[in-house]
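# A closer look at the structure
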Amino acid sequence: MGSASSAYRMIYLDVDGRIQKVVFSRFCRPCDIKELFCTATGLSRNTAISLLDSTGAMVSIDPTMPNNSERSPYRVVLRTGGQLADKEELFQNVLTQVAEQFSRAFKINELKTEVTNRLAMLEKRVELEGMKVVEIEKCCSDIKKLREEMASRNNSSFLDDNKKLTPRRDVPSYPKMLSCLEHMYHDLGLVKDFNINPITLKRWLLCIHDNYRTNPFHNFRHCFCVTQMMYSMIYLCNLQEKLTRVDILILMTAAVCHDLDHPGYNNTYQINARTELAVRYNDISPLENHHCAVAFQIFSQPDCNIFANFDPEAFIQIRQGTITLILATDMARHGEILDSFKLKVDNFDFANEEHVTCLKMVLIKCCDISNEVRPMEVAEPWVDCLLEEYFMQSDREKAEGLPVAPFMDREKVTKPTAQIGFIKFVLIPMFETVTKLFPQIEEVMVQPLRESCDRYEELKQIDDAMNEVQKKKSENLTMGRKKK
């Protein structure tokens, strides 16, 4: 082992004939040694100096500089500005050459470009894969369950005496509904085929959710159920092989938007009360026109425009198709639309644009009023929600002195009477007509409707019998009082 002093260097300097000894560590940086020499010679720290040995040769200022002795000190010489500039220029040239050689040796520029491209690709991938794998699997499971429940039917006509009906609406809770809707667009290939930004799809669905009101019936849950039924009919009727991709996109998007910002009071109220909506749309489907307007106000926001990558002509087609379907959900047009479809269904031509448009109008109508297709324990709570909204409107109409529809009057309507006529004269005829084109819905949709109608008729008979008993009791009580 060497002594501790071996870690230090001792250099002698000639300063104007005076010998100056300088000691520094072997691990000092050259710039530190130079500053030390300047200080020893009484110069400022940043002075440019050179060292010359006894022969006049220049000595490098660094920890490895040759040892000298007191008899042969290094002479300190000041460098002029020109010399310094020349040497700095030379130094810069050397550095540039080294950098170029280093870059060529290790292909730094190419590496930088490759890294930049990879980062861009990764960022794009993160954007395109907006749905996490776990979320996708969960959505698939939810959709599968909803399909199975839609296809299932309840075979019993009555509830057991000890069985209590548990109200539920056959839809997952928020945010599962948003995830399921998102998955439907992915599963149908709409996101890929139309280059829809997945992040924009998420934002759009959130905005859609925020623009549905918390009505008893016409709320975001209803929007989800209608869209889920449309998704199911697309698969059940194999529509992806019969309609264009744009048609599938229009069907799904119209279902999502069809009741946006519904106020909970129907068109009849809007017109009779002369509301702002009725005045704005000249009493012509005021609610449906409003739903369309709100839908395209949302699309006008860049962050929510899932059609941003469409050319103007394609967007016009999407817009017109969506508006046509949403306007078709006005029940005042039910007879007109169904009669038109009946004229076409026996000789239906999928290559005929007018035929296809009529079919799409009927499909969204089916989905909009499809609750009774679902199992009884799912459908019945929705009837309660609809009656609650009806009663809320009729109470307001009475308070404002407006006409009241009997089927909305809480003093006149019952659940069986409300449903029997609707199922028998609206739902069954419409679904049976669609069955002519798609026989596969007979078992899954039409048969459950018939069973639901039978169940409500039996419930009505029970209600009528109970009312008759109650009536006789009242009559007997009245007769007994008269005899006394």
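Shown above is the structure to which this text applies.
Residues numbered from 1 in each chain as written. Predicted model: local features only at pLDDT ≥ 70, side-chain atom pairs only at ≥ 80, totals over all residues. Heavy atoms only, no water.

Turning our attention to the overall build of the protein chain. Summing up its helical and strand segments, the protein chain has 18 helices and five strands in all. Taken across its 484 residues, the protein chain has 43% of its residues classed as buried. Counted over contacts in the protein chain with a minimum sequence separation of 6, partners at least 24 positions apart contribute 69%. Roughly 27000 Å² of accessible area belongs to the protein chain as shown, and the carbon and sulfur atoms make up 53% of that amount. (Helix = DSSP H or I, 4+ residues; strand = E, 2+ residues; numbered from the N terminus. Buried < 20%, exposed > 50% of the residue type's maximum accessible area, 1.4 Å probe, protein only. Contact = heavy atoms within 4.5 Å. Areas by Shrake-Rupley, 256 points an atom, 1.4 Å probe, with all protein chains shown as cover.)

What follows deals with the pattern of salt bridges. Enumeration over the complete set of coordinates arrives at 19 salt bridges. The closest approach of N and O atoms between Arg450 and Glu432, which form a salt bridge, is 2.9 Å. Here Arg450 is found in helix α18 (residues 441–483), whereas its partner Glu432 is found in helix α17 (residues 415–437), with 18 residues between them in sequence. Of the residues examined, Glu432 reaches a relative accessible area of 33% and is grouped as partly exposed. (Salt bridge = Lys/Arg side-chain N within 4 Å of Asp/Glu carboxyl O.)

Before going further, it helps to examine the packing of aromatic side chains. The geometry of an aromatic ring pair comes down to the distance between the two centres and the angle between the two planes. Following the criterion strictly, the structure yields 16 aromatic pairs and no others. Ring centres of Tyr390 and Phe407 lie 5.4 Å apart, and the angle between their planes is 80°; on these two criteria the pair is classed as edge-to-face. Here Tyr390 is found in helix α16 (residues 376–399), whereas its partner Phe407 is found in the loop between α16 and α17, with 17 residues between them in sequence. Take Phe407: its relative accessible area is 44%, and that puts it in the partly exposed class. Each member of the aromatic cluster is reached from another via a ring pair, and the members are Tyr185, Phe194, Trp204, Phe296, Phe299, Phe307, Phe310 and Phe315. Lying across the ring of Tyr265, Arg396 places its NZ or CZ 4.6 Å from the centre. (Phe/Tyr/Trp six-rings, centres within 6.5 Å; stacked < 30°, edge-to-face > 60°. Lys NZ or Arg CZ within 6 Å of the ring centre and 35° of its normal.)

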